[in-house]
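A look at the structure
Each chain, written out:
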Amino acid sequence: MAKAGDTEVVMVERERRNSDKKLNAAELRAGLTPAQLDALTTLEFFRWELRFVRRPLFQDPIPVVFNRDGRKYAVLEPDGSLNENPGFKIRD
């Protein structure tokens, strides 16, 4: 807390990654290719989870899946293949 004169000012930072609105499965899957959806079904059988989808402007969606313990992630490519080295890091 900071003090401005006799008034206390409380600074609160909202963490955008911990949004109050949780996306449902249908919203996450929207825009994925049939091959990505098929691959996702198979991955979910092995307890991988679709956590989020990057949606860069004027580009295809980039679905990011995590393994069951959340330590490993990968990108589902448009052809349904799994890219375990997508070229970007996920923040903790």
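Residues numbered from 1 in each chain as written. Predicted model: local features only at pLDDT ≥ 70, side-chain atom pairs only at ≥ 80, totals over all residues. Heavy atoms only, no water.

1. Describing the packing of aromatic side chains
Spelled out, the test is: Stacked, tilted and edge-to-face are the three classes applied to pairs of Phe, Tyr and Trp rings, where Trp contributes its six-membered ring and a pair requires centres within 6.5 Å; stacked means planes under 30 degrees apart, edge-to-face means over 60, and tilted covers the rest. Classification of residues uses two cut-offs on accessible area relative to the type maximum, computed with a 1.4 Å probe and protein chains only: under 20% is buried, over 50% is exposed, and between them is partly exposed.
Following the criterion strictly, the structure yields 4 aromatic pairs and no others. Between F45 and F46 the ring centres are 5.1 Å apart and the planes differ by 90 degrees, which places this aromatic pair in the edge-to-face class. Take F46: its relative accessible area is 51%, and that puts it in the exposed class. Relative to Y73, the ring of F66 lies with its centre 5.8 Å away and its plane at 40 degrees, an arrangement referred to as tilted. In this structure, F66 and Y73 share a single accessibility class: buried. Feature note: the residues F52, F66, Y73 and F88 constitute an aromatic cluster, connected by ring pairs.

2. Description of the pairing of strand 4 (residues 62–66)
The following threshold applies: Helix and strand definitions follow DSSP, with helices as H or I runs of at least four residues and strands as E runs of at least two, each counted in order from the N terminus. In this analysis, strands are considered paired if DSSP registers two or more bridges between them.
Most of strand 4 is tucked away: 4 of the 5 residues are buried. Bridge count for strand 3 (residues 49–54) against strand 4 is 5 bridges, and the pairing is antiparallel. Note that in strand 4 the partner of L50 across the bridge is V65. Summarising the sheet, strand 4 and strand 5 (residues 73–76) pair through 3 bridges and their orientation is antiparallel. The partner of V64 across the bridge, within strand 5, is V75. Connecting the antiparallel pair strand 4 and strand 5 is a turn made up of 6 residues, with G70 showing a positive phi of about 75 degrees.

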